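# A closer look at the structure
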Amino acid sequence: MIDLRENYLSKHTIRSWLLTIDHKRIGLLYLFTILIFFLIAAVAAGLMRLELLTPQGDLLLPETYNKMFTIHGVLMVWFFLIPSIPTVLGNFVLPLVLGARDVAFPKLNLLSWYLFILGGSFALYGVFAGGVDTGWTFYTPLSTTYANGHVMTMAAGVFIAGFSSILTGLNFIVTTHKMRAPGLTWMRLPLFVWALYATSLIMVLATPVLAITLLLMTVERFWGVGIFNPALGGDPLLFQHLFWFYSHPAVYIMILPGMGVVSELITCFSRKKVFGYSFIAFSSMAIAVLGFVVWGHHMFSTGQSAYAGMVFSFLSFLVSVPSAIKVFNWTATLYKGEITFSTPMLYALGFIGLFTLGGLTGLFLATLAADIHLTDTYFVVAHFHYVMVGGMVLAFMGGLHYWWPKITGRLYPEKAGQLAAMITFVGFNLTFFPQFLLGYLGMPRRYHAYPEEFQIFNVLSTAGASILAVGYLLPVVYLLWSLKNGQRAGENPWAATGLEWTTPSPPPEHNFDQTPVVTRPPYDYAYQSTFHPREVEQTLENV
Amino acid sequence: MRFQVFPDAASTTAVQVDWLLAFLSLVTLFFLGIIFVPMGVFLYRYRRGNPVDRTPLNISTWKIEVFWTTVPLVLTFVIFGWGAGLYVHMKTPPEDAQEIYVVGKQWMWRLQHPEGKREINALHVPVGRTVKLMITSEDVIHSFFIPVFRVKQDAVPGRYTMEWFKATKAGTYHLFCSEYCGTQHSGMIGWVTVMEPKDYQDWLNSGSPQETQIAAGERLFHQLGCSGCHAENSKVRAPSLVGLYGKPVPLEGGTIVTADERYLHDSIVMPAKQIVFGYENLMPSFEGQLNEEQLFQLVQYLKHLGREQPPEYRRQGEGAAQFIVPHEAP
Ligand SMILES: [Cu+2]
Ligand SMILES: [Cu+2]
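Calculation criteria
Residues numbered from 1 in each chain as written. Chains lettered and ligands numbered in written order. Predicted model: local features only at pLDDT ≥ 70, side-chain atom pairs only at ≥ 80, totals over all residues. Heavy atoms only, no water. Helix = DSSP H or I, 4+ residues; strand = E, 2+ residues; numbered from the N terminus. Rg over C-alpha atoms; globule rule 2.2 N^0.38 Å. Buried < 20%, exposed > 50% of the residue type's maximum accessible area, 1.4 Å probe, protein only. Contact = heavy atoms within 4.5 Å. Areas by Shrake-Rupley, 256 points an atom, 1.4 Å probe, with all protein chains shown as cover. Lys, Arg positive; Asp, Glu negative; His and termini not counted. Charge placed at Lys NZ, Arg CZ, Asp CG, Glu CD. Axes fitted to C-alpha atoms, helices over the stretch in contact; angles between N-to-C directions. Parallel < 35°, antiparallel > 145°, perpendicular 65-115°, else oblique. Left-handed = near helix turned anticlockwise from the far one by under 90°. Nonpolar A, V, L, I, M, F, W, Y, C, P; charged D, E, K, R; others polar. Donors = N, O, S within 2.8 Å, 3.2 Å for Na, K, Ca; no water. Buried area = accessible area lost by both parts, 1.4 Å probe. Salt bridge = Lys/Arg side-chain N within 4 Å of Asp/Glu carboxyl O. Expected span 1.5 Å × (residues − 1). Tetrahedral: all angles 85-135°; square planar, octahedral: opposite > 155°, others 65-115°. Patch = residues over 30% accessible without salt bridge, like charges linked within 9 Å, V, L, I, M, F, W, Y side chains within 5 Å. Pairing = 2+ DSSP bridges. Phe/Tyr/Trp six-rings, centres within 6.5 Å; stacked < 30°, edge-to-face > 60°. Lys NZ or Arg CZ within 6 Å of the ring centre and 35° of its normal. Domains from an automatic or database assignment. pLDDT = per-residue confidence, 0-100.

## Points about the overall build of chain B
Regarding its fold elements, chain B presents seven helices and 12 strands. On C-alpha atoms alone, chain B measures out to a radius of gyration of 27 Å, which is more than a quarter above the 20 Å that the 2.2 N^0.38 rule sets for 330 residues. Principal-axis analysis of the C-alpha atoms places the extent of chain B at approximately 100 × 55 × 40 Å. Residues counted as buried form 48% of the 330 residues belonging to chain B. For chain B, the share of sequence-separated contacts (at least 6 apart) that also reach a separation of at least 24 residues comes to 66%. Carbon and sulfur atoms make up 60% of the accessible area of chain B, which amounts to about 15300 Å² in all. Taking the average location of the 29 positive side-chain charges in chain B and that of its 32 negative ones, the two points are 9 Å from each other.

## Quick look at the packing of helix α10 (residues 306-334) of chain A against helix α1 (residues 12-45) of chain B
It is at 9 Å that the axes of α10 of chain A and α1 of chain B come closest, and there the two elements cross at 20°. Relative to α1 of chain B, the element α10 of chain A is oriented roughly parallel. For the pair α10 of chain A and α1 of chain B, the crossing hand works out as left-handed. Residues V327, F328, T331 and L334 of chain A of α10 of chain A form the contact with α1 of chain B, whose participating residues are F31, I34, I35, M39, F42 and L43 of chain B. Among the residues forming the contact of α10 of chain A with α1 of chain B, the class breakdown is nine nonpolar, one polar and no charged.

## Quick notes on the coordination of the copper ion (ligand 1)
Looking at the metal site, the copper ion (ligand 1) is ligated by H248 of chain A (ND1), H297 of chain A (NE2) and H298 of chain A (NE2), spaced 1.6 to 2.4 Å from it. Taken in sequence order, the residues that donate to the copper ion (ligand 1) follow the motif H-x48-H-H.

## Brief notes about the interface of chain B and chain A
With 78 residues of chain B at the interface, the matching set in chain A holds 85 residues. Carbon and sulfur atoms make up 71% of the surface buried where chain B meets chain A, a total of about 7500 Å² over both sides. Three residues stand out in chain B for area buried against chain A, namely R48, Y87 and Y180 of chain B, and they jointly supply 11% of the buried area on that side. At the junction of chain B and chain A, the tally comes to three salt bridges. Ionic pairing is found between D53 of chain B and K336 of chain A, a salt bridge with its closest N-O pair at 3.3 Å.

## Some points on helix α7 (residues 191-223) of chain A
With 33 residues, α7 of chain A extends 48 Å between its outermost C-alpha atoms, agreeing within 8% with the 48 Å of an ideal straight helix rising 1.5 Å per residue. G224 of chain A, located one to two residues past α7 of chain A, shows a positive phi value of around 60°.

## Comments concerning the coordination of the copper ion (ligand 2)
Residues and elements named next belong to chain B. Taken together, C177 (SG), E179 (O), C181 (SG) and H185 (ND1) make up the full set of protein donors to the copper ion (ligand 2), lying 2.1 to 2.6 Å away. The coordination sphere of the copper ion (ligand 2) comprises four donor atoms, whose angles at the metal cover 87 to 128°; the geometry is tetrahedral. Expressed as a motif, the donor residue spacing for the copper ion (ligand 2) is C-x1-E-x1-C-x3-H. Here the two residues C177 and H185 agree in accessibility, since each one is buried.

## Thoughts on a nonpolar patch on the surface
All names here are of chain A. Residues I14, L18, L19, L111 and Y114 make up a contiguous nonpolar surface patch of roughly 470 Å² in combined accessible area. Secondary-structure elements contributing two or more residues to the nonpolar patch are α1 (14-18) and α4 (106-128). Within the fold, I14 resides in helix α1. The exposure class of I14 is exposed, given its relative accessible area of 65%.

## Re the pairing of strand β7 (residues 151-155) of chain B
Residue and element names in this part refer to chain B. Most of β7 sits inside the fold, with five of its five residues counted as buried. Burial of β7 is two-sided: the residues V151, Q153 and A155 facing one way and the residues K152 and D154 facing the other way are all buried. Summarising the sheet, strand β6 (residues 142-146) and β7 pair through five bridges and their orientation is antiparallel. Paired with F145 across the strands is K152, a residue of β7. In textbook terms, the turn of a hairpin is the stretch between consecutive antiparallel strands, and for β6 and β7 this stretch comprises four residues, one of which, R150, has a positive phi near 60°.

## Digging into the packing of aromatic side chains
Applying the stated criterion across every chain, the model contains 65 aromatic pairs over all chains. Ring geometry for F79 of chain A versus F116 of chain A: centroids 5.6 Å apart, planes at 40°, classification tilted. Here the residue F79 of chain A occupies a position in helix α3 (residues 62-98), and F116 of chain A occupies one in helix α4, the gap between them amounting to 37 residues. In terms of burial, F79 of chain A and F116 of chain A fall into one category: buried. Considering the side-chain rings of F328 of chain A and W68 of chain B, the 5.5 Å spacing of their centres and the 35° angle between planes classify their relative orientation as tilted. Of this pair, F328 of chain A sits in helix α10 while W68 of chain B sits in helix α2 (residues 61-91), each in a different chain. Each residue in the set W78, W136, F138, Y139, F228, F239, F243 and W244 of chain A is aromatic and connected to the rest through ring pairs, giving one cluster. Directly above the ring of Y44 of chain B sits R47 of chain B, whose terminal nitrogen or CZ lies 4.4 Å from the centroid. One Lys or Arg, K117 of chain B, reaches over the ring of W203 of chain B and ends 5.0 Å from the middle of that ring.

## What to know about the environment of V236 of chain B
Residues and elements named next belong to chain B. Of note, V236 is situated in the loop between α5 (226-230) and β11 (248-250). A relative accessible area of 29% places V236 in the partly exposed class. V236 sits 152 residues away from A84 along the chain, and the two C-alpha atoms are 48 Å apart. Not counting residues up to four positions away in its chain, the partners in contact with V236 are C229 and L282.

## Some details on the domain arrangement of chain B
All names here are of chain B. Segmentation of chain B into domains returns domain 1 (1-44 + 93-210) and domain 2 (213-326). The straight-line distance from the C-alpha centre of domain 1 to that of domain 2 is 32 Å. Counting residues at the interface gives 15 residues for domain 1 and 14 residues for domain 2. The contact between domain 1 and domain 2 buries some 1300 Å² in all, and 47% of this surface belongs to carbon and sulfur atoms. Three residues, E99, Y101 and Y160, lead the burial of domain 1 against domain 2; their summed loss comes to 42% of the area buried on that side. A salt bridge links E99 to K303, with the nearest nitrogen and oxygen atoms 3.0 Å apart.

## Some points on the pairing of strand β1 (residues 98-105) of chain B
All names here are of chain B. Burial analysis of β1 places seven of its eight residues in the buried class, the great majority of the element. Pairing of β1 with strand β5 (residues 130-137), which is carried by seven bridges, proceeds in the parallel orientation. Bridge pairing in β5 places V102 opposite I135. Hairpin remark: β1 followed by strand β2 (residues 108-112), antiparallel, with two residues in the connecting loop.

## A word on the confidence of the model for chain B
Residues and elements named next belong to chain B. Residues at a pLDDT of 70 or more form 92% of chain B, whose mean pLDDT is 88. Confidence over residues 310-330 falls short of pLDDT 50; this stretch has 41 contacts with residues more than four positions distant or in other chains. In the model output, the complex is listed with pTM 0.92 alongside ipTM 0.92.

## As for the environment of I21 of chain A
Residues and elements named next belong to chain A. Looking at the element boundaries, I21 is found in the loop between α1 and α2 (23-51). Judged by relative accessible area, which is 36%, I21 ranks as partly exposed. Setting aside residues no more than four positions away along its own chain, I21 makes contact with I26, D102, P106, K107 and L110.

## Observations regarding the pattern of salt bridges
This model, assessed by the stated rule, comprises 17 salt bridges over all chains. Note that R520 of chain A is salt-bridged to D524 of chain A, the shortest N-O span being 2.7 Å. Judged by relative accessible area, R520 of chain A falls into the partly exposed class, the value being 35%. Here E138 of chain B makes a salt bridge to R110 of chain B, at a shortest N to O gap of 3.1 Å. Taken together, the residues span a long stretch of sequence, with E138 of chain B in the loop between β5 and β6 and R110 of chain B in strand β2 at a distance of 28 residues.

## Quick notes on the sheet that holds β7 of chain B
Residue and element names in this part refer to chain B. Pairing is mixed across the open sheet formed by five strands, whose spatial order is β4-β10-β9-β6-β7. Each edge of the sheet is formed by a strand with only one pairing partner; in this case those strands are β4 (122-126) and β7. On average, each strand axis in the sheet is tilted by 20° relative to the strand beside it, whichever way the strands run. Bridge analysis of strand β9 (residues 171-177) against strand β10 (residues 190-195) gives five bridges, and the strand direction is antiparallel. Bridged to G171 within β10 is V194. Contacts between helix α3 (residues 197-205) and the sheet are confined to β4 and β10, with β4 contributing the most and set at about 130° to the helix.

Given below as structure tokens:
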């Protein structure tokens, strides 16, 4: 069974990594890079949580605190969450699940990574040369006229990283159209591919608006042309419109791929065909489209007209429905399944729990009159962490564990994995649930010091954050350990159905010796167990 | 350590918002229930190794899909309607509201009552009277947030925004800036004191007597020479300002705008931006000569102009330039 033939990891020189055009290696380059950003951003968050342990602003200076949440936001959003699943798991898995040799434009793919590194370097220079204190939202006129620090360096970093996103998006779209194996029709695509496709559309269409916004900001800051600053005849709310026109769809860049991963995990570990395939697939597209017309829900309290508010509120309710459809379908998939609680499954279930609560609290914020009270408080902070951390990070971890055997050829220790998944879930809830209550009580976000009646919830939240940190660190330890010591995984340790499981682990550089031909619908677990029951049993015993 | 789970509710709106929030919480619980109860059952019952019947059901999926698409859709429409209705209510201040002026500035709030009384990082209001805050900013965006009233409104430089409330419970409550505004954002806080009407009157009358906002506006109107041009017998052809507030104004270029607070404000600091139809761009800009507080006093004075006049003196809308001055020129 042990397959020791040459694979994509066989070459070891630095050059072979830095000049690689192999999508699998590029995926790993991304993995390594985004983890560095995650680490820095997490340290910033840790410092914030420590500061908030007491009501007085005693640990950090106000300016330092403000820089911390700016760093945390900018790095987490643009240098971790947005690239996470698409560039790491997407890069690695997409050509494999399509039965392709590589993405459509392998060199462009490497260029995306270099752009990402360049953008990231700007951002890191901004961080270490003195930081920025505008918040990740860069609201004008604060950012253009009043803020201290390296605003423009940071904005340049985000601007450049944006092009990396656009190129990755383009690459994925063309790959999905052109590189599918014979027989792999659109309605046979794994749902992860649908999700990546929808995400790529958003990346390509929305990111240019961010680029334009940042350019306009530069023009105002350097040449004093009044665009956003009313003192120069500009309109500060114009910035918010442009910013959220990008950033709301970006929220879906951060969640759709996660939903795709979860669809893979739920089906695999309940050994069932997914319930409502086409509804899940098209709900991704619906989210991508509707996501473009709801940006105004970030601006209910800015004094935008009541009519605009009503339109945006209404559309925001509409966009919640496709997400609900997904959750219902996942639940229904479990019915009559054969469920194992392997690590990826635990992460997937955790995802559903946290994402659902995140989504439901989103209804509070889409409700006009309720949003007025809750916006810009900790309620919002809790809401988007439930969606983005509870959602995207858990899906990312689930996906990483699921494809880890394929990526490295090794299994990780299962018990440790399950433990980490549960610690993460508990730590996460303890960190962020109290923040809903804080928000309702009225504690504004981005506060360095706060009235003492808010302390108890802040203490709980900080305690939760330290548990969460353990939940994040544990996988780093055992995954690294597994690289050398993990059990050999074999081709298909989960007895899963996708094409990626029909090639050795780790796959050879060219992915498949023969172009696979697809003859069955996706997730045909019933067929698989009837026709290869023994093989399935064996591989499952392995786990 | 003080400890609270639910915030006080001290305005008429607060109670209404709380009902809405309670309903939303119920909806949340409902969905959590219908998702996680079945999920728990499935996870337990269909765990691997549990010998139960797993033969697939033969039912049409699309009916189920339609069902669970429609139910949330209908529910969200209900929530939308409720939220939007209350929002419109929160955006429409009652006619009799008393206007208090608020300006945000890194990192403090300055307020002025119509009677002229000023406060910093504090707001005194009586129980049972509708108060409308006219809010603006001198620099970046801030937000005036009073949790116990469940109201919040951004202070945007270059425009006036509004929030209103009717306090119901005497007490002292938090006032926060809730839009991140730079270094001392978390220090841009203060107290709202809700008082019994009599106490409020005593408070207003305490200290040295102040010039009312309208009186201050009138004084500025003369000092700055506005009256020189805008008076009936002036040599310059300038439109009458009497009764202008709230009327449609035809502009050069064909557009028509409503003369609201922002229009009046901008006519003073950026007169060239909007030229009244049939007039020349003769008015100098007063940008830099007046601070936001003084500008607001002028605006209040202009709003007051004509309000006390008999109807025949009022301007007839449509660019009719009648040269009427309601008071003696100095
Ligand atoms: Cu949004
Ligand atoms: Cu502030």
